[in-house]
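# Residue-level structure breakdown
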Amino acid sequence: LAAPSIFMPVGLPGVVVSGTGLQLAPQGVWKKILRPVAPHYDDKTHLRVLGASSAVESPGGPQDIQADSRPAAGEAKVSAHAKVPELRQPKTSRENLKRAAKGSNERPSSQDASPRLRLPETKAEECRARSIVPGWFGGLASSSRNETEGEMNLLASVFAGRPPVVFFDYDPRCNAAPRDYSRLLDRAEVQSMGISSLPQMFFCLQITRDVHEYNAVVNTFKFAGFERVNADSPKFAIYWGPHPAPEMLRGFNPFQRANHFPGSWQLGRKDLLGKNIYRMKRQFAKDYNILPSGFTLPEESAAWNQAREKNPNFLWIWKPINLSCGKGIRLFGSWIPPGVERKILQRAGIVQRYIDRPLLINGFKFDLRLYVVVTSFDPLKVYINSEGLVRLATQKYQCSPDSLDERTMHLTNYSVNKHAACYKQNLDSRAKGQEGRGSKAEDLEGEGEEADDGDMGDDNEDQEEANMGESSKWSLRQLEEYLTAQGVDYGELMSRIEDVIIKTLIAAEPQIVNTWHQGANFSTASPTPIQQVTPNQTCFEIYGFDVMVDDELQPWLLEVNVFPSLSSSSPYDKRVKTQLIADVFTLIGLMPYDHDVVDKACKGEQAKRLQGSARSLVIGRSHTVSSIKSASFKSFGEAEWRLILETHEENMRRGHLTRIFPREGSGFYNQFFSTPRYSNLVLERWIQLGGEQLRQRFSPDDEVIERDGLPLPVSFRAV
């Protein structure tokens, strides 16, 4: 924030970091001990930053805006001309500048260039002299051991006075177009923050039956300068593995993240997903008609028998609960031979009405694999990737009892169709510089995991086809071109699909939030109860939503994969999945930190807690669930602004992702939440008041930048 001078990343326990002048306050406030935290932002809160001039610089230039404040008592002043230790130039930064200089379709145009406001030099020197930003990063993000190889890049915040995050670039081997580098911090800007040497950061990848080692994940980490550690090491910034237990999350430090929410099997297990959706359908019959009617076997075998007797012409599809890749799937009519029926009822599975009138592409059945990212369930924040897979069967579709055994006609799984003689591979002609050429064989992984992926597994979608009229898989762009030519409103269809995604996540939200909240308080946090707007944001998750569209353009949810395959056995996979991982890691906003510094502070706080001397800081809500619905910007307090700024900053790091919740009009979904979440209502109100339209609310030509208590934005460009 510009004023008061506070830095507020998510989820920090109450710790004073020795020698840094920093307080690690409870429930998520890194606070420079300069002056008391203002209780709220009212019309007297002046958000002008040190008399910032209207100077505007093109993207990539200096960003010297700092917050005005007084140094803490006993804090040593740092001379503006003091020599800053040498910082090695990040390798990727030099490469990025060269790539950006050559131009790319990702670079901002002259009309859309994001202005970066700059303070007069005298004011910038005054900021550095008062050691405002260096006091935070100097103690947290600067390493004296010079461990890093200099490959890490930092992305500037879109707000003044907010810390940067780690920027994950695309591995050049995936042949993706360059990212937008306009907000990357150069060496001088990093040095001005007091970071003499970037800390070494780590990741953990724990291999299990469900978790595989994917090049898209490992190479993205390595390209960003991260080093790998074992699962028993506490140094990781990102834990990539099976679902963490709440006890594991409580042991995290404030900057660690896990790639699954505990309890997300409520989405991934076919039986639990069905129970959650059907529960909502009983209450909202019309709105939740998004999953084909079905039954969990053997528990609901009696109800299934009644449905078959009532509808003798229906076709049914049976799926085992704990298998993937199309294994074990059976299709049959309402009459089933007694021996087959006995075998089905002896195994755990689900049976659903078969969608016998699907939308076809050139006579072939298809479904969609869509990549959905959830960064939080409280508040609910959902993104969808711009690229997905359109998976076609390899045998032309016909619906008759005699054809039910033709798996390559009725199933779209890659694992089922890849051995068909007419299956054709994609060389990704849309990749930058490829012009239809494939990647080198040594750069690609195998054709996917043929072994059972276990419960909540994936279909191992490992190839995407290039030639629109002949290929067995298409991109979403190809689907749009085809449907538009057929007179179908593709935008309306995608809106319906996004509606299905949001409703599915809301159906499982109560169970996931309840389990997640059990691990919401760090073990080093103060035992004093603290009222929070949100839990500590320790998790994120990538889902593979499988959706089918019928001939009336109604989308139907098939299943949700919580372990979607990220294998890259084709150029298209390599590009899309590498981009996805880099975008997600940038989206979640990892702040650079030295593990030893944070670990020492957390252990010190734990000792104080055991002695009963730990202090806590309560940051309460400024409204109730009822009053927030009519609140104004000026009535928002610190807790609400923390949530708003974090959410807006996250969205400005979205890459090829699009946020579909919350957004304008998302208040429609309030009726489906079992419990009204205060955090959801805060963001809904922020959007209703036009808070997302920052470019219109702020003009860099204004001498005084103050609009309804909003902090000063220094960039309007998402990356």
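Anything mentioned here points back to the structure above.
Computed from a prediction, not measured in an experiment: that's the story for all the values here.

## Quick word on the pattern of salt bridges
In total, this model carries 23 salt bridges according to the counting rule given. Between Arg308 and Glu341 there is a salt bridge, and its shortest N-O distance comes to 3.2 Å. Taken together, the positions of Arg308 in helix α9 (residues 301-310) and Glu341 in helix α10 (residues 338-345) put the pair 33 residues apart, joining distant regions of the chain. Residue class for Glu341 comes out buried when judged on its relative accessible area of 17%. For the salt bridge of Arg496 with Glu492, the shortest nitrogen-to-oxygen distance reads 3.3 Å. Of this pair, Arg496 and Glu492 both sit in helix α14 (residues 490-517), four residues apart, which is roughly one turn of that helix.

## Section: the pairing of strand β23 (residues 657-661)
When you tally the buried positions in β23, you get four out of five residues, the bulk of the element. As defined by bridge partners, strand β18 (residues 380-385) adjoins β23 across four bridges and the pair is classed as antiparallel. Along β23, the bridge assignment pairs Val382 with Phe661.

## What to know about the sheet that holds strand β12 (residues 294-297)
Sheet strands pair by backbone hydrogen bonding; their relative direction is either parallel or antiparallel. Spatial ordering of the open sheet is given by β12-β15-β13-β14, a layout of four strands whose pairing is antiparallel. Looking at which strands have only one partner, the edges of the open sheet turn out to be β12 and β14 (330-333). The average undirected angle you get between the axes of adjacent strands in this sheet is 25°. Taken together, the four bridges between strand β13 (residues 315-320) and β14 define a ladder with antiparallel strand orientation.

## A short note on the packing of helix α5 (residues 215-223) against helix α15 (residues 571-587)
Relative to each other, α5 and α15 sit at 50°, their axes nearing to 9 Å. Judged by the angle between their axes, α5 and α15 are oblique. Pair α5 / α15 crosses with right-handed handedness. For the pair α5 and α15, contact is made by Ala216, Val217, Thr220 and Phe221 and by Lys577, Thr578, Ile581, Ala582 and Phe585, respectively. Considered class by class, the residues forming the contact of α5 with α15 number six nonpolar, two polar and one charged.

## Things to note about the nonpolar core
By size, the foremost hydrophobic cluster in this structure holds 121 residues, and its most contacted members are Phe226, Trp240, Phe377, Ile501 and Tyr543. Residue contributions to this core peak at 14 residues, all from α14. Setting aside its immediate chain neighbours within four residues, Ile501 contacts Leu370, Val372, Val382, Ile384, Phe545 and Ile660. Core analysis: the second largest hydrophobic core is formed by 20 residues, Val533, Phe633, Leu643 and Met652 among them.

## A few points about the packing of aromatic side chains
By the definition in use, this model includes 33 aromatic pairs. What links up through ring pairs into an aromatic cluster is the set Phe168, Phe203, Phe221, Phe226, Trp240, Phe540 and Phe585. Directly above the ring of Phe314 sits Arg353, whose terminal nitrogen or CZ lies 3.6 Å from the centroid.

## Some points on unusual backbone geometry
For residues that are not glycine, phi is negative in most cases, and the peptide bond is trans in most cases. With an omega of 5°, the peptide bond between Leu297 and Pro298 qualifies as cis. With an omega of 5°, the peptide bond between Asp378 and Pro379 qualifies as cis. Positive phi, close to 55°, is recorded for Asn362, a residue that is not glycine. For Asn362, the position within the fold is in the loop between β16 (360-361) and β17 (364-377). The backbone of Leu553 sits at a positive phi, close to 65°, despite the residue not being glycine.

## A look at the pairing of strand β21 (residues 541-549)
Among the nine residues of β21, nine are classified as buried, and the element is accordingly described as predominantly covered. Neither face of β21 is exposed, since Glu541, Tyr543, Phe545, Val547 and Val549 on one face and Ile542, Gly544, Asp546 and Met548 on the opposite face are all buried. As paired elements, β17 and β21 share seven bridges and run antiparallel to each other. Paired with Val372 across the bridge in β21 is Tyr543. Relative to strand β22 (residues 555-561), β21 runs antiparallel, the two sharing six bridges. The residue bridging Asp546 from the neighbouring strand is Glu559, located in β22. Connecting the antiparallel pair β21 and β22 is a turn made up of five residues, with Leu553 showing a positive phi of about 65°.

Reading guide: rules and limits
- Each chain has its residues counted from 1, running along the sequence as written.
- In keeping with the model being predicted, local features are shown solely for residues with a pLDDT of at least 70 and side-chain atom pairs are shown and tallied solely at 80 or more, while totals for entire chains, interfaces and linings include all residues.
- The side-chain values count all of the structure's non-hydrogen atoms but skip hydrogen atoms and water molecules.
- Criterion for a salt bridge: a side-chain nitrogen of Lys or Arg within 4 Å of a carboxyl oxygen of Asp or Glu.
- Numbering of helices and strands runs from the N terminus, with a helix taken as a DSSP run of H or I at least four residues long and a strand as a DSSP run of E at least two residues long.
- Throughout this description, buried means an accessible area under 20% of the type-specific maximum (1.4 Å probe, protein chains only), exposed means over 50%, and partly exposed covers the range between.
- At least two bridges found by DSSP between two strands is the condition for calling them paired.
- Helix axes are fitted only over the stretch in contact, all axes being lines through C-alpha atoms; the angle between N-to-C directions runs from 0 to 180 degrees.
- Working rule for angles: under 35 degrees goes down as roughly parallel, over 145 as roughly antiparallel, 65 to 115 as roughly perpendicular, anything else as oblique.
- A crossing counts as left-handed when the near helix is turned anticlockwise from the far one by less than a right angle, and as right-handed when that turn is clockwise.
- Whether two residues are in contact is decided by their heavy atoms, any of which lying within 4.5 Å being enough.
- Any residue that is not Ala, Val, Leu, Ile, Met, Phe, Trp, Tyr, Cys, Pro, Asp, Glu, Lys or Arg is counted as polar, Gly included; the first ten are nonpolar and the last four charged.
- We define the nonpolar core as a collection of buried residues of types Ala, Val, Leu, Ile, Met, Phe, Trp, Tyr and Cys that are connected through side-chain atoms lying within 4.5 Å of one another.
- Pairing of aromatic side chains here covers Phe, Tyr and the six-membered ring of Trp, requires ring centres within 6.5 Å, and sorts the geometry by plane angle: under 30 degrees stacked, over 60 edge-to-face, intermediate tilted.
- For a ring to carry a charge above it, either NZ of a lysine or CZ of an arginine must fall within 6 Å of the ring centroid while also lying within 35 degrees of the normal to the ring plane.

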